[in-house]
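Structural overview for review
Below are the chains, spelled out letter by letter.
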Amino acid sequence: MGDLKTRLNEIKNEDKNFGYFFDKDGKCYIYHTKFGKERNSEISGNDDIKSKFKELIDNIYKENNDKFNSLKEAFEKYLYIYNDKSTIHIKFNKNGEFLQTKSKIVDNFSETFKEDKFDDEKFKQWWDKSINSARMQGNATNLLKDKTKLADNLKKINDASDKSRNLTQLLDKLENVEGMKATARELAYFLQFDKDKFPLANDASVNTAKYIFEILNKYNFGFYKHKEEEYFNFVSEKLGIDIRGHLPKYYILDQFLNLIDKIKKSDLALITKEKLDKNDESKDIKQSVYYILYQAAYDFANLCGKADIKSNDLEGFKKLLKTHKNIIFHGIPGTGKTYTIVNNVKNIIKNENQMLITQFHPSFSYEDFIEGIKPAGIENGQLKLELKNGIFREFCDKAKEEEKGFLEKLEKGNFNEALSDHGFFFIADEINRAELSRVFGELLYALEYRGEKGKIKTQYASMRDDEDFYVPENVFFLGTMNDLDKSIDSFDLALRRRFIWQEMECDYDVIRDEIYANNIEEYAQACKKLNDEISKDIGEKYQLGHSYFLKIEFKNDEIKDSDMKKLFSNRFEALLKEYLRSEYSEKEIQKHLDDLKKLFVIEKNDDKNK
């Protein structure tokens, strides 16, 4: 084994994409670090390791291309059947009618440019109805404070859109826009929607196009910087996209990229609950064009190591940690994401200094997280400044002291012992509330390539005599986030690919286990019925987590309808009212609340038999 490890380490030092590990039985596996340990190849001491690694890479890229081709075929079939639709996203479809189409957004926006007169009130109305992300809403608030500057910027965007023949030219011209460069890309796309000159180049679409480029093109070298236009052209050529009826070519590309960017496992379950379009005659919903498309999109989006492993229980949690060190736990509010993670970690570690939990927020910065210049008192009447470590760097420095012991026990196959004695857990609660690109800085590389092979120079390296920083092998980065929080859009794809995503849903078994009542099954069914109606009426992400339902108060081991009405009024009503504001007028809100309240009751036996 000693000779084998020497050969493995030599290759590892030469190629940052090469990784290896031994299992508890002493078998050795090699893997491509970009695609994770799940896609590995077993080797022995007699094998030509470089040849085996090349064979593994060839097989991975072949599988990637095969999955893309399956997705392409499913997408083409979808467009053939649903060519009269304006979106492929099932969540935007309600009762067969689309809530907001791209062409309608464009029509509304063009009203602000009639006869070269800028109407800031119409622009504000258009923005409020059409732009969903918190970041863009914040931009609107800032932009509308200065009508003159906004009008000037919109004229520059309009001119850039008219005079640019391709995306590269457009982005060059948009550099003249002040204070709203990201927003300018979106607005330019709306302005030339029907002209179909260039794609929507916001962060999500660029990162998704780049992701596709990287996992299909094994000859892509990291040191060569591609233009954004090249990523879009690559995907367009691969898809063979052409104008489809009333749908412009780049709008079809936008829909395709959005599907990959937003796809979640829960979307597949959602499709099985929805009625399909009459055009699709499939009797088995899982054989429908819609379901096959979403399944193919999910399979393709998961090529870089994402997994769906249940991790609420301790053993499942450990199983997850065995293959992944960067994990985001996400889902609807009230599912106990932070509670579950903290409890699981506490049941693993031996010393409390092996865990650190911090809550991210909008003011959280790189200086708080990694390092920065901060006040260090007064000296000779002058404010003294010095370089101070942020909380994550300090945590990593502590973990480095235990890294050797962690790796030694892993080599012996003692994973649980290594985790318990030497594992360090950094928990970022509500991770998406911070401006993540600013907080993480150059850390993305170190998160992906753990240990000394992932060394980076931080922003203040020159003040440390060029001391390098790395994230130790024994550090596990765990984050939590609510899907309901619109700032989820700030999690760009480059960052997402460094993490796997674990969705946590309302667990009705927790309700059954935690509440002792004679009619607990009926209560659990009522909770599920309420959530199903909320999902149908407002949206899946607005459901209530099990922690909300655990707050029920009752007497004599029996939950009554009056207890449930009290819970609804005291705990649910205000929250649901806020949710309903995003979909309905004030007059309609109370009616929907009353309907939900009437639904949240214990179903009697005679009701069940009707």
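Below or above, wherever it landed, is the structure these notes cover. (Residues numbered from 1 in each chain as written. Predicted model: local features only at pLDDT ≥ 70, side-chain atom pairs only at ≥ 80, totals over all residues. Heavy atoms only, no water.)

Brief notes about the overall build of the chain
Our working rule: Helix numbering and strand numbering both begin at the N terminus, where a helix is a DSSP run of H or I of at least 4 residues and a strand a DSSP run of E of at least 2. Each residue is placed in one exposure class: buried if its accessible area under a 1.4 Å probe, protein chains only, is under 20% of its type's maximum, exposed if it is over 50%, and partly exposed if it falls in between. Any two residues whose heavy atoms approach within 4.5 Å are treated as being in contact. All accessibility values rest on the Shrake-Rupley procedure with a 1.4 Å probe; residue burial counts only the protein chains present in the view.
Regarding its fold elements, the chain presents 27 helices and 12 strands. Put simply, the chain has 610 residues, and 49% of those count as buried. Restricting the contact set of the chain to residue pairs at least 6 apart, pairs at least 24 apart contribute 67%. Surface exposure of the chain reaches about 30900 Å², of which carbon and sulfur atoms provide 45%.

Side note on the packing of helix α6 (residues 147-163) against helix α8 (residues 181-191)
Our working definition: For helices, the fitted line uses only the C-alpha atoms of the stretch in contact; every axis is such a line through C-alpha atoms, and the angle between N-to-C directions lies from 0 to 180 degrees. By definition in this entry, angles of less than 35 degrees are roughly parallel, angles greater than 145 are roughly antiparallel, angles of 65 to 115 are roughly perpendicular, and the rest are oblique. Each crossing gets its handedness from the near helix: less than a right angle anticlockwise from the far helix is left-handed, clockwise is right-handed. Amino acid classes used here: Ala, Val, Leu, Ile, Met, Phe, Trp, Tyr, Cys and Pro are nonpolar; Asp, Glu, Lys and Arg are charged; the rest, including Gly, are polar.
The N-to-C vectors of α6 and α8 enclose an angle of 55°; their axes lie 9 Å apart at closest approach. Our classification of the angle between α6 and α8 gives oblique. α6 and α8 meet at a crossing whose hand is right-handed. Contacts between α6 and α8 involve Leu 154, Ile 157, Asn 158 and Ser 161 from the former and Ala 184, Leu 187, Ala 188 and Leu 191 from the latter. Split into classes, the residues belonging to the contact of α6 with α8 amount to 6 nonpolar, 2 polar and no charged.

A word on the pairing of strand β1 (residues 18-22)
The cut-off we apply is this: Note on pairing: DSSP must find at least two bridges between two strands before they are called paired.
With respect to burial, β1 is a largely interior element, 5 of its 5 residues being buried. Joining the antiparallel neighbours β1 and strand β2 (residues 28-32) is a turn of 5 residues, in which Gly 26 adopts a positive phi near 85°.

A closer look at a nonpolar patch on the surface
To keep things clear, this is the line we draw: A patch consists of residues exposed above 30% relative accessible area that lack any salt bridge, with like charges linked at up to 9 Å and nonpolar side chains (Val, Leu, Ile, Met, Phe, Trp, Tyr) linked at up to 5 Å. A pairing counts as a salt bridge when a side-chain nitrogen of Lys or Arg comes within 4 Å of a carboxyl oxygen of Asp or Glu.
Taken together, the side chains of Ile 373, Ile 378, Leu 383, Leu 385 and Met 463 make up a nonpolar region of the molecular surface, amounting to roughly 520 Å² of accessible area. If you list the elements that add at least two residues to the nonpolar patch, you get β8 (371-379) and β9 (382-389). Using a relative accessible area of 52% as the deciding quantity, one classes Leu 385 as exposed.

Regarding helix α18 (residues 415-422)
Burial runs high along α18: 6 of the 8 residues are buried. Buried residues of α18: Phe 415, Ala 418, Leu 419, Ser 420, Asp 421 and His 422, and no others. The secondary structure elements touched by the buried residues of α18 are α14 (314-323), α17 (391-411), β10 (424-429) and β11 (475-482).

Notes on the pattern of salt bridges
The full count for this structure, using the stated rule, is 27 salt bridges. Measuring nitrogen to oxygen at the nearest pair gives 3.5 Å for the salt bridge that ties Glu 73 to Lys 77. Here Lys 77 and Glu 73 lie together in helix α2 (residues 49-81), a separation of 4 residues that amounts to about one turn. Looking at Lys 77, the relative accessible area reads 47%, which means it is partly exposed. For Glu 473, the salt bridge identified is with Lys 325, shortest N-O distance 3.1 Å. Of this pair, Glu 473 sits in the loop between α20 (443-448) and β11 while Lys 325 sits in the loop between α14 and β6 (326-331), and the two are 148 residues apart along the sequence. Side by side, Glu 473 and Lys 325 carry an identical accessibility label, which is buried. Via salt bridges that share partners, Lys 350, Lys 409, Glu 417 and Asp 421 belong to a single interconnected network.

Side note on the sheet that holds strand β7 (residues 355-359)
With respect to topology, 5 strands assemble into an open sheet ordered β7-β10-β11-β6-β12, the strand pairing being parallel. Of all strands in the sheet, those with a lone pairing partner are β7 and β12 (500-504), marking the two edges. In this sheet, neighbouring strand axes are inclined to one another by 20° on average, regardless of whether the strands run parallel or antiparallel. Note that β6 and β12 share 5 bridges and pair parallel. Looking at the pairing, Ile 327 lines up with Ile 500 of β12. Along the sheet, α14 makes contact with β6, β10, β11 and β12, crossing β6 at roughly 135°. Strand contacts of helix α15 (residues 337-346): β6, β7, β10, β11 and β12, with the helix running at about 160° to β11, the strand carrying the most contacts.

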